[in-house]
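For reference, the chains in residue letters:
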Amino acid sequence: MENNITKEELSTIIRSKLSRHYGISTTEADRAQMYKSCARTVLELLSEKRTKFNQKIKENESKKIYYLCMEFLVGRSLKNNLYNLGIEEMFREVLEEWNFELEDLYQEEPDPGLGNGGLGRLASCFMDSLATLEYPAMGYSICYEYGLFKQKIVDGWQMELPDIWLPGGHVWLNQRNDLVCHVRFNGHVEENWTDEGLEVKHLNYDEIEAVPYDLMISGADSEGVAILRLWRARDLNNFDMGSFASGDYDRAMTEKMNAELICKVLYPSDNHFEGKSLRLKQQYFLVSATIQDIISEHLQQYESLDNFSAKVAIHVNDTHPALCIPELMRILLDEYQYSWPKAYQIVKQTVSYTNHTVLSEALEKWPEDLIKGQLPRIYGIIKGLNESYCQELWKRYPGDWDKIERMAIISHGQIRMANLCVIGSSRVNGVSKLHSDILKKQVFSDYYQVEAKKFTSVTNGIAHRRWLCQSNPLLGKLLDECIGTRYKKDARQLGKFRVFYEDNSVLEQLQSIKLANKIRFANRMHKYGVTMDPESIFVVQAKRLHEYKRQLLNALRIISIYLDLKENPNLNIPPQTFLFAAKAAPGYYTAKEVIRLIWHLSAHIEKDATIREKIRVVFLENYDVTMAESLLPAAEVSEQISLAGKEASGTGNMKMMINGALTIGTMDGANVEIHEAVGKENMFIFGMNAEEVERKWKEGYAASSYYHNNEKIHKVVNSLRQGFNGESFESIYRYLLVGDYGIGDPYMCLADFQDYLGVYQQLLDEYNDPIKWNQMSLMNIAGAERFAADRSIQEYTKQIWNIPTLI
Ligand SMILES: *Cc1c(COP(=O)(O)O)cnc(C)c1O
């Protein structure tokens, strides 16, 4: 490790923090004070490291990566930074001398939920890799005052409580008053022809301040530090002095509230477009502040923006920050007097875009009028981009109005953000091979015909240091002993673990590590009144609740086993614990009904002493990064059962795989590549593939025919009417057979049901053979070699950002 601080120095710094902030010594400090003093100590070390790293970036005139995302699901910082700085053990020792447990201090930290799920977690994993690989990188997002809601289940119904992560989380944020900038909304645009050409003026706008807060993320065993810059809105200029002076305090204060509303709360819908005007404000607020910040940083180092695209890569993670395209155009045109073609060229060469979903309800389409009213200048630029692009298309496809209409940015009064992103970017990528193929063949096929080279694919990855080394220290230790420690910086080394396929001692250790992790998790949950048997097989589905992810299919499978057990209580099956963890968007009724079903099914089984010895259902409240870190190492079976063609990649699948779980899943997202990595003998694939799903839709899917022709499905679906724990689930029964719009079972649970049951039975049979099972587990750990975020980032730098590889 490069960090060469001594134990004595460390002890001195922590003491000085306690003294300076609280005026106390180590014997007087409570946990919270000690935690904060440790955090401040880490910050001091990180700042020094960052200063050195900045110097190096400047000297090398390196191209910088700016990663824009409305969500970063960062998780806790203390443990991650201590681990990455290589000083966790030293901290532990120093604290033990003062009778503090490092683990207890970790629990003091709130888990900042500044994201919904996979998208935001991916962004955070990428920050870890960028820092570790020593690329000069900044993430940009919003400093939401309230992150994703805390979930509470009351009688099966999800309740949402505010996530108050500040002021507790504040210790990690460094307010940068030197970098405050201004963002303008509303007003109108005036255009005047002058001798210098067209002059555009934005008048009568409302202006607010954007204040940056920096969060540092240390690279692991490297000189790199990444910065996540989070913007907060602050209203000063619009403070209505008139009202204030005339004693109308209420009015004066309301104005202030409105500006600060912008970063009040994260929108809690995952994979679903929320067309609210406040959401649009959030998006523009983020991109305007960010682009201004990037430009001013560039001009501090270089004379002009002429070399902007050579020195800057701006990445748009999903379409949420798409307005950075017209915003960068605006600044180049209006503030630096670039011509339209030159500005467009710079933008296109600088920006790249990752698509994260093909679900139509998730595609962002803003009403033209909303953008026109709220962002008049941006609207004018989008219109200009649309017109010039359509003109090009007319030349290429004379008379093909349908095609041109499909490819336009603006159509039928709506602005289509995905089209804006494709047209304004140098590169577009999907997040797994299958997903990228679907983009080329379907969603963006028109563009693919015009510019095939623009489209590429980078399969997602995970920060394996967080998800393996930190959260599963026992497995980490076994790997260190078997294959050495190089895998921490080079996940490809994990492949070497295959050599131990026949090593009984290693296989037995894998089994006892898994058991230890199950016990650890069960003990943690016991505090919250949740009981589970660590001797049973842990079957885990942990992810946002969404119809396409098919938690319902999982529940139907459990009901089927339950009914079998009712019929034949002596059925010989291994004890099974089905663990669910999932938040539903607050307004997503179907998703909440599925939670209710799982919860009452769990309660129903809990009341039946003979059944609960064999199967048990546990719904874990409030899934977040911290819970994932203790749950996923305890998983033996990873449920990845989305309808094929719908899950863009998934990363939960990778996290469980690297911790030795076996996957039961469909050929969807990155499951396809997991299958490629471990082979069909080490994975349980079932159900239709994406093409078969397409075909079935075309043929006409009738859920009711499965209901009428399959006895088991008939029984399982019928059981919903009578329900569980005294609650009927008529609504789900109807959802499966009739549906709201006459399409029963829109995610085809019934079509894949029989195959799911059959393959799950095979899985249980394999579980009876521990040696075989542990061999499969080992092959999954080794096969995870290709799913590190480090690998994803190397691909981005090469294929997308055009940055020379550093390592
Ligand atoms: C990894 C992760 C996800 C993504 O899970 P998927 O199964 O890929 O949808 C969501 N939430 C949290 C807290 C995670 O850590």
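It should be emphasised that the depicted structure is a prediction, and the values quoted were computed from it without experimental measurement. (Residues numbered from 1 in each chain as written. Predicted model: local features only at pLDDT ≥ 70, side-chain atom pairs only at ≥ 80, totals over all residues. Heavy atoms only, no water.)

Undergrad: Please explain the overall build of the protein chain as it appears in this structure.
TA: Counting secondary structure elements, the protein chain contains 34 helices and 23 strands. With the C-alpha coordinates aligned to their principal axes, the bounding extent of the protein chain is approximately 90 × 75 × 60 Å. Taking all 807 residues of the protein chain together, 60% fall into the buried category. Entry remark: accessible area of the protein chain is about 31800 Å², with carbon and sulfur atoms responsible for 49%. (Helix = DSSP H or I, 4+ residues; strand = E, 2+ residues; numbered from the N terminus. Buried < 20%, exposed > 50% of the residue type's maximum accessible area, 1.4 Å probe, protein only. Areas by Shrake-Rupley, 256 points an atom, 1.4 Å probe, with all protein chains shown as cover.)

Undergrad: Is there a simple way to explain the site of the ligand in this structure?
TA: Taken together, 15 residues surround the ligand, and among them Lys-543, Lys-549, Thr-651, Gly-652 and Lys-655 come closest. The separation between an oxygen atom of the ligand and a polar main-chain atom of Thr-651 is 2.8 Å. One of the side-chain N or O atoms of Lys-655 is found 2.6 Å from an oxygen atom in the ligand. Of all the secondary-structure elements, those providing two or more residues to the shell around the ligand are helix H25 (625-631) and helix H26 (652-658). For the shell around the ligand, a count of residues per class yields six nonpolar, five polar and four charged. Summarising the domain contributions, the shell around the ligand has at least three residues from each of domain 2 (61-76 + 111-459 + 794-801) and domain 3 (464-784). (Near = heavy atom within 4 Å. Polar contact = N/O pair within 3.5 Å; in protein donor to acceptor, adjacent residues only side chain to side chain. Nonpolar A, V, L, I, M, F, W, Y, C, P; charged D, E, K, R; others polar. Domains from an automatic or database assignment.)

Undergrad: Looking at this structure, I do not really get helix H2 (residues 31-60). What am I missing?
TA: In an α-helix, one turn spans 3.6 residues; hence positions three or four apart end up facing the same way. Here H2 spans 43 Å end to end across 30 residues, near enough to the 44 Å set by a 1.5 Å rise per residue. At the N-terminal end of H2, a side-chain oxygen is found 3.2 Å from the backbone nitrogen of Ala-32, two or three residues along, and the residue is Asp-30. Just downstream of H2, Glu-61 is the residue with a positive phi angle, here 50°. (Expected span 1.5 Å × (residues − 1).)

Undergrad: Please clarify how the pattern of salt bridges should be interpreted in this entry.
TA: Any two side chains of opposite charge can pair if their charged atoms end up close together. All chains considered together, the criterion is met by 51 salt bridges. One salt bridge connects Glu-451 with Lys-454, and the closest N-O pair in it is separated by 3.2 Å. Note on Glu-451: relative accessible area 31%, which makes it partly exposed. As a salt-bridge pair, Glu-636 and Lys-518 come within 2.8 Å of each other at their nearest N and O atoms. Of the two residues, Glu-636 is situated in the loop between H25 and strand E21 (637-640) and Lys-518 in helix H21 (residues 504-526); the sequence distance between them amounts to 118 residues. Here Glu-636 matches Lys-518 in class, with each residue buried. (Salt bridge = Lys/Arg side-chain N within 4 Å of Asp/Glu carboxyl O.)

Undergrad: Can you help me understand empty space enclosed by the protein in this one?
TA: The gaps of empty space that remain are located by a probe, the size of a water molecule, rolled over the atoms. Tallying each qualifying case throughout the model produces eight cavities of 30 Å³ or more. In this structure, the second largest cavity is lined by 14 residues; those nearest its centre are Val-74, Asn-80, Ser-124, Ile-217 and Arg-466. Of all the secondary structure elements, the ones that give two or more residues to the lining of the second largest cavity are helix H3 (78-85), helix H6 (118-132) and strand E9 (206-218). Element by element, the count of residues in the lining of the second largest cavity is highest for H6, at four residues. (1 Å grid on protein atoms, 1.4 Å probe; cavity = no way out; pocket = protein on both sides within 12 Å on 5 of 7 lines; lining within 4 Å. Points joined across faces, edges and corners; volume = space filled by probe spheres on them.)

Undergrad: Whenever I open this one, unusual backbone geometry confuses me. Can you help?
TA: A cis geometry characterises the amide bond from Leu-166 onward to Pro-167, with omega recorded as 5°. Tracing the backbone shows Pro-167 in the loop between strand E4 (157-161) and strand E5 (174-175).

Undergrad: Any chance you could explain the sheet that holds strand E14 (residues 410-411) here in plain terms?
TA: Picture the strands of a sheet paired through backbone hydrogen bonds; they go either parallel or antiparallel. Pairing is antiparallel across the open sheet formed by three strands, whose spatial order is E13-E15-E14. Whereas interior strands pair on both sides, the edge strands pair on one side only; in this sheet they are strand E13 (365-367) and E14. The pairing of E14 with strand E15 (residues 414-416) spans two bridges and is classified as antiparallel. For Ser-411, the partnering residue across the bridge sits in E15 and is Gln-414. (Pairing = 2+ DSSP bridges.)

Undergrad: Looking at this model, I keep getting lost on the environment of Ala-690. Mind explaining?
TA: Position of Ala-690 among the secondary structure elements: in helix H28 (residues 690-699). Residues Ala-690 and Pro-574 lie 116 residues apart in sequence; the distance between their C-alpha atoms is 32 Å.

Undergrad: I keep staring at the packing of aromatic side chains and nothing clicks. Help me out?
TA: Aromatic ring pairs are described here by two measures, namely the spacing of the ring centres and the angle between the planes. Enumeration according to the criterion identifies 23 aromatic pairs in this entry. For the ring pair Phe-273 and Trp-366, a centre distance of 5.0 Å and an interplane angle of 85° mean the geometry is edge-to-face. Placement of Phe-273 in the loop between helix H8 (249-260) and helix H9 (277-301) and of Trp-366 in strand E13 is noted, with a sequence separation of 93 residues between them. Like Trp-366, Phe-273 is buried. On the basis of an interplanar angle of 90° and a centroid distance of 4.9 Å, the ring pair of Tyr-767 and Trp-773 is categorised as edge-to-face. Exposure class is identical for Tyr-767 and Trp-773. Each is buried. Through a chain of ring-to-ring contacts, the aromatic side chains of Tyr-353, Tyr-389, Phe-444, Tyr-447, Tyr-448 and Phe-455 assemble into a single cluster. Over the aromatic face of Tyr-760 sits the side chain of Arg-557, whose NZ or CZ is 4.3 Å from the ring centroid. (Phe/Tyr/Trp six-rings, centres within 6.5 Å; stacked < 30°, edge-to-face > 60°. Lys NZ or Arg CZ within 6 Å of the ring centre and 35° of its normal.)

Undergrad: Looking at this model, I keep getting lost on the packing of H9 against helix H11 (residues 324-335). Mind explaining?
TA: Angle between the axes and distance between the axes: these two values describe a pair of packed helices. Where H9 contacts H11, the two axes come as close as 9 Å, and the packing angle between them is 45°. In this view, H9 runs oblique relative to H11, as classed from their interaxial angle. The two elements H9 and H11 meet at a crossing, and its hand is right-handed. Residue-level inspection shows Tyr-284, Val-287, Ser-288, Ile-291, Gln-292 and Ile-295 of H9 in contact with H11, the latter providing Cys-324, Glu-327, Leu-328, Arg-330 and Ile-331. Tallied by class, residues from the contact of H9 with H11 come to seven nonpolar, two polar and two charged. (Axes fitted to C-alpha atoms, helices over the stretch in contact; angles between N-to-C directions. Parallel < 35°, antiparallel > 145°, perpendicular 65-115°, else oblique. Left-handed = near helix turned anticlockwise from the far one by under 90°. Contact = heavy atoms within 4.5 Å.)

Undergrad: Please clarify how helix H30 (residues 711-722) should be interpreted in this entry.
TA: Between the first and last C-alpha of H30 there are 17 Å, a value that for 12 residues agrees with the 16 Å anticipated at 1.5 Å per step. Every buried residue of H30 is listed here: Ile-713, Val-716, Val-717, Ser-719 and Leu-720. Taken down its axis, H30 places every buried residue within 145° of arc, on the same side. Away from its buried face, by an angle of more than 90 degrees, H30 presents the exposed residues Glu-711 and Gln-722. In this structure, the buried side of H30 is in contact with helix H22 (551-567), helix H23 (589-606), helix H29 (703-709), helix H31 (730-737) and helix H32 (749-767). Between the side-chain oxygen at the start of H30 and the backbone nitrogen of Lys-712 there is a gap of 3.0 Å, and the oxygen is on Asn-710. One or two positions beyond H30, positive phi appears at Gly-723, with a value near 85°. (Arc of directions from axis to C-beta.)

Undergrad: What am I meant to see in the packing of H22 against H32 here?
TA: Relative orientation of the contacting elements H22 and H32 amounts to 55°, with a least axis distance of 10 Å. Our classification of the angle between H22 and H32 gives oblique. For the pair H22 and H32, the sense of crossing is right-handed. Taken together, the residues of H32 that come into contact with H22 (itself represented by Leu-552, Leu-553, Asn-554, Leu-556, Arg-557, Ser-560 and Ile-561) are Cys-749, Leu-750, Phe-753, Tyr-756, Leu-757 and Tyr-760.

Undergrad: Looking at this structure, I do not really get the sheet that holds E21. What am I missing?
TA: If you trace the six strands from one edge of the open sheet to the other, you get E20-E19-E18-E21-E22-E23, paired in parallel fashion. A strand with exactly one partner marks an edge of an open sheet, and here the two such strands are strand E20 (615-620) and strand E23 (684-685). The strands that H22 touches are strand E18 (537-542), strand E19 (576-581), E20 and E21; relative to E19, the one it contacts most, it runs at about 155°.

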